[in-house]
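# Survey of secondary and tertiary structure
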Amino acid sequence: MNIEEIAKKMCAKGKGILAADESTGTIAKRFKSINVENLEKNRLNFRQTLFNSSGMKDYIGGVILFDETIKQKSTLGPTIPELISKHGAIPGIKVDKGAKPLAGSKEETITEGLDGLRERLKEYYDLGARFTKWRAVYKISDKYPSVQSIKSNAHALARYAALVQEIQMVPIIEPEVLMDGTHDIQKCYQVTTNVLNECYNELEIHKINLKGTVLKPNMIIPGSECKNKSSPEEIANKTLDCLKKNVPNKVPGIAFLSGGQSEIEASKNLNEINKINDTSFLITFSYGRGLQASALKEFGKDQQNTDNIQKAFNHRAKMNGLSSKGKWSENLEKESAA
Ligand code: 13P
């Protein structure tokens, strides 16, 4: 498959991406919330249980892994990338080295990881990865994001994307405008507009083949502490409008992050967006928490109860698969959960 075909397959209608690429530090937080010790064997057990679920085949087009996981052999026999491929999904890998304080604007971050990236990509390709992820992070406040953060993160994203396409993998471009804060939905719309514009500016300068990319953006939503809540319809209208105005048509797929929305909110909002999607974009999910929160809870109750963990995961995967077609409903949510 060439990169244009891979990008389409990752976001195929009815399917989305499982973001299981939590760093060891982030998974530590998730495990702490369910009282599970952050050991390599526990991380492997949780992840291989998800990757071996029946819901993978119908609803998951790609799985984003962390460095440790892509190198692991499952206790079921195959390596982790082989297990994922066996279930019909494409293995991918997070290649950034995290968001670090930005010199000159230290309350903001710059995502690092370009040094030595060409060599690491070769290693990941040989392990079976066919797409990658790089996450830039922007926070909203009175003075942020600064022009410095918008420009430097877009530049890094474009340099990353060029290296990834050089080795014939698909770069996921993830500029995440955080939902932390009191800002309203309009502010999120404005900031996301500026961020996306600068990203596509830099991607063009770096001669990226947009048909071989996937965008992973935030939805346009009010800050988590904003007093004015927005309906799913308003979120969908503003999100689609922002994407139409700022994302070039050549981009085949847009897969949202869940970003701290609850599982149900993430499904509901994605569904509303797809109900009114009149673009050529395949619009779907690339959720971490939005796909794994219930399964993680079950894992916390009993790590060996594979059935319950997989049941919770299959349900969320199915619900989000429906949302990616605009076919989700409260009723199906309840029926399928029961
Ligand atoms: P969430 O869906 O939990 O925001 O995670 C997605 C992700 O991959 C963030 O980089």
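For the structure itself, consult the block above.
First, a word on scope: everything that follows refers to the structure included in this document. (Residues numbered from 1 in each chain as written. Predicted model: local features only at pLDDT ≥ 70, side-chain atom pairs only at ≥ 80, totals over all residues. Heavy atoms only, no water.)

### Topic: the overall build of the chain
When helices and strands are tallied, the chain shows 14 helices and 10 strands. Over its C-alpha trace the chain gives a radius of gyration of 19 Å, about what one expects of a compact globule, namely 20 Å for 338 residues. Dimensions of the chain along its principal axes, counting C-alpha atoms only, are 50 × 45 × 35 Å. For the chain, the share of sequence-separated contacts (at least 6 apart) that also reach a separation of at least 24 residues comes to 78%. As displayed, the chain offers around 14,400 Å² of accessible surface, 49% of which is attributable to carbon and sulfur atoms. (Helix = DSSP H or I, 4+ residues; strand = E, 2+ residues; numbered from the N terminus. Rg over C-alpha atoms; globule rule 2.2 N^0.38 Å. Contact = heavy atoms within 4.5 Å. Areas by Shrake-Rupley, 256 points an atom, 1.4 Å probe, with all protein chains shown as cover.)

### Some words on the site of the ligand
The local shell around the ligand holds 13 residues, among which Lys 133, Lys 216, Ser 258, Gly 259 and Arg 289 are the closest. Side-chain polar atom of Lys 133 to an oxygen atom of the ligand: 2.6 Å apart, as the coordinates give it. Relative to its free-state accessible area of 300 Å², the ligand is covered by the protein chains to the extent of 91%. Put simply, the parts of the chain that give the shell around the ligand at least two residues each are strand S6 (131–138) and strand S10 (282–287). Considering only residue class, the shell around the ligand consists of 3 nonpolar, 4 polar and 6 charged. (Near = heavy atom within 4 Å. Polar contact = N/O pair within 3.5 Å; in protein donor to acceptor, adjacent residues only side chain to side chain. Nonpolar A, V, L, I, M, F, W, Y, C, P; charged D, E, K, R; others polar.)

### Re the packing of aromatic side chains
Taken as a whole and assessed by the stated rule, the structure comprises 5 aromatic pairs. Residues Phe 46 and Phe 299 carry aromatic rings whose centres are separated by 5.0 Å and whose planes lie at 50° to one another, so their mutual orientation is tilted. On the criterion of sequence distance, the pair formed by Phe 46 in helix H3 (residues 40–51) and Phe 299 in helix H12 (residues 289–301) is long-range, its members being 253 residues apart. Take Phe 46 and Phe 299: they sit in the same class, and that class is buried. (Phe/Tyr/Trp six-rings, centres within 6.5 Å; stacked < 30°, edge-to-face > 60°. Buried < 20%, exposed > 50% of the residue type's maximum accessible area, 1.4 Å probe, protein only.)

In short, shape yes, function no, at least from these values alone.
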